[in-house]
Amino acid sequence: MKEQHLKTPFTTYSSQSELPEDVIRLVEKAKEAISTAYAPYSHFHVGAAVLLANGKIVVGNNQENAAYPSGMCAERVAIWSAASRYPDEIVKKIVITVKSSLKQVNKPVAPCGACRQTLLEYEVKQKEPIEIYFMGETGIVIQSHSLSDLLPFAFDQSYL
Ligand code: THU
């Protein structure tokens, strides 16, 4: 028996304005996407922007449903849209941002487990890490350098 520990590397930025220029552009696109999110139940509007190796930016936002589990998160809408439109393109970065009509979100909104699993699929497929940046409306931004850092012990194609 041996107790072991995981270390998860990540980078923090003290505010959105400290981000590199290309990421600021993605934040702008993700914020634009927030304006068309459909979140009448949670009032929690999420936007995501994916940067592809060909320079294209593909966005997505959350889409809710009266049958709650039938709704979908912004990250999966964005990555599936990117994968369906540009199936052979490497995904370089994804940015996630939020606006709630109920309160100001002042801490980074981390992707849910199902979104991590979905994003990891494409990282494994392309054999290249995807950088992920997540943030609130204000406050710090967290950058993870790879989906595998966010989802250790993941289930992937190697099992099948
Ligand atoms: N949501 C996302 O779109 N992404 C996340 O990372 C967390 C949660 C959405 C799902 C739902 O529409 C609303 O936020 C509240 O959970």
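For the structure itself, look to the data block above.
Residues numbered from 1 in each chain as written. Predicted model: local features only at pLDDT ≥ 70, side-chain atom pairs only at ≥ 80, totals over all residues. Heavy atoms only, no water.

Concerning helix α3 (residues 113–126)
Compared with the 20 Å implied by 1.5 Å per residue over 14 residues, the 20 Å span of α3 between its first and last C-alpha is a close match. Within the span of α3, buried status applies to Cys115, Arg116, Thr118, Leu119, Leu120, Tyr122, Glu123 and Gln126. The inward-facing, buried residues of α3 abut α2 (74–85), β4 (91–100), β5 (131–135) and α4 (147–150). Once α3 finishes, lysine 127 follows within two positions and takes phi at roughly 55°, a positive value. (Helix = DSSP H or I, 4+ residues; strand = E, 2+ residues; numbered from the N terminus. Expected span 1.5 Å × (residues − 1). Buried < 20%, exposed > 50% of the residue type's maximum accessible area, 1.4 Å probe, protein only. Contact = heavy atoms within 4.5 Å.)

Describing the layout of surface pockets
Empty space within the largest pocket amounts to approximately 280 Å³. Surrounding the largest pocket, 18 residues form its lining, Ser42, Asn62, Glu64, Met72 and Cys73 being those nearest its centre. Looking at the lining of the largest pocket, the elements with two or more residues in it are β2 (44–52) and α2. A per-class count over the lining of the largest pocket returns 11 nonpolar, five polar and two charged. (1 Å grid on protein atoms, 1.4 Å probe; cavity = no way out; pocket = protein on both sides within 12 Å on 5 of 7 lines; lining within 4 Å. Points joined across faces, edges and corners; volume = space filled by probe spheres on them. Nonpolar A, V, L, I, M, F, W, Y, C, P; charged D, E, K, R; others polar.)

Some thoughts on the nonpolar core
With 26 residues, the main nonpolar core has Val50, Ile94, Ile132 and Leu147 as its most contacted residues. Elements with a minimum of two residues in this core: β2, α2, β4, α3, β5 and α4. Residues contacting leucine 147, with those up to four places away along its chain left out, are Arg116, Leu119, Leu120, Glu123, Ile130 and Ile132. Counting residues in each nonpolar core, the second largest holds 12 residues, with Tyr13, Val23, Ala49 and Val141 among its members. (Core = buried A, V, L, I, M, F, W, Y, C linked by side-chain atoms within 4.5 Å.)

Some remarks on the sheet that holds strand β6 (residues 141–144)
Read across the sheet, six strands follow the order β1-β6-β5-β4-β2-β3 without closing on themselves; strand pairing throughout is mixed. The open sheet terminates on both sides in strands that have one partner only, identified here as β1 (11–13) and β3 (57–61). Neighbour to neighbour, the strand axes of the sheet diverge by 20° on average, direction disregarded. Alignment of β2 against β4, held across nine bridges, turns out to be antiparallel. Its bridge partner being in β4, valine 50 is matched across the sheet by isoleucine 94. (Pairing = 2+ DSSP bridges. Axes fitted to C-alpha atoms, helices over the stretch in contact; angles between N-to-C directions.)

Topic: the packing of aromatic side chains
In the structure shown here, the tally under the stated rule is three aromatic pairs. Relative to tyrosine 68, the ring of tyrosine 41 lies with its centre 5.5 Å away and its plane at 40°, an arrangement referred to as tilted. Residue tyrosine 41 is located in the loop between α1 (21–34) and β2, and its partner tyrosine 68 is located in the loop between β3 and α2; the two are separated by 27 residues in the primary sequence. Residue classification places tyrosine 41 among the partly exposed residues on the basis of a relative accessible area of 37%. A centroid spacing of 4.9 Å and a plane angle of 5° characterise the contact between phenylalanine 155 and tyrosine 159, whose relative ring orientation is stacked. For phenylalanine 155, a relative accessible area of 47% puts it in the partly exposed group. (Phe/Tyr/Trp six-rings, centres within 6.5 Å; stacked < 30°, edge-to-face > 60°.)

With respect to the pairing of β4
Most of β4 sits out of view: eight of its 10 residues are buried. Where β4 lies against β5, four bridges are found, and the strand directions are parallel. Across the sheet, the residue bridging to isoleucine 94 is isoleucine 132, located in β5. Read as a crossover between parallel neighbours, the route from β4 over α3 to β5 is right-handed. (Right-handed = clockwise from strand over helix to strand, strands pointing away.)

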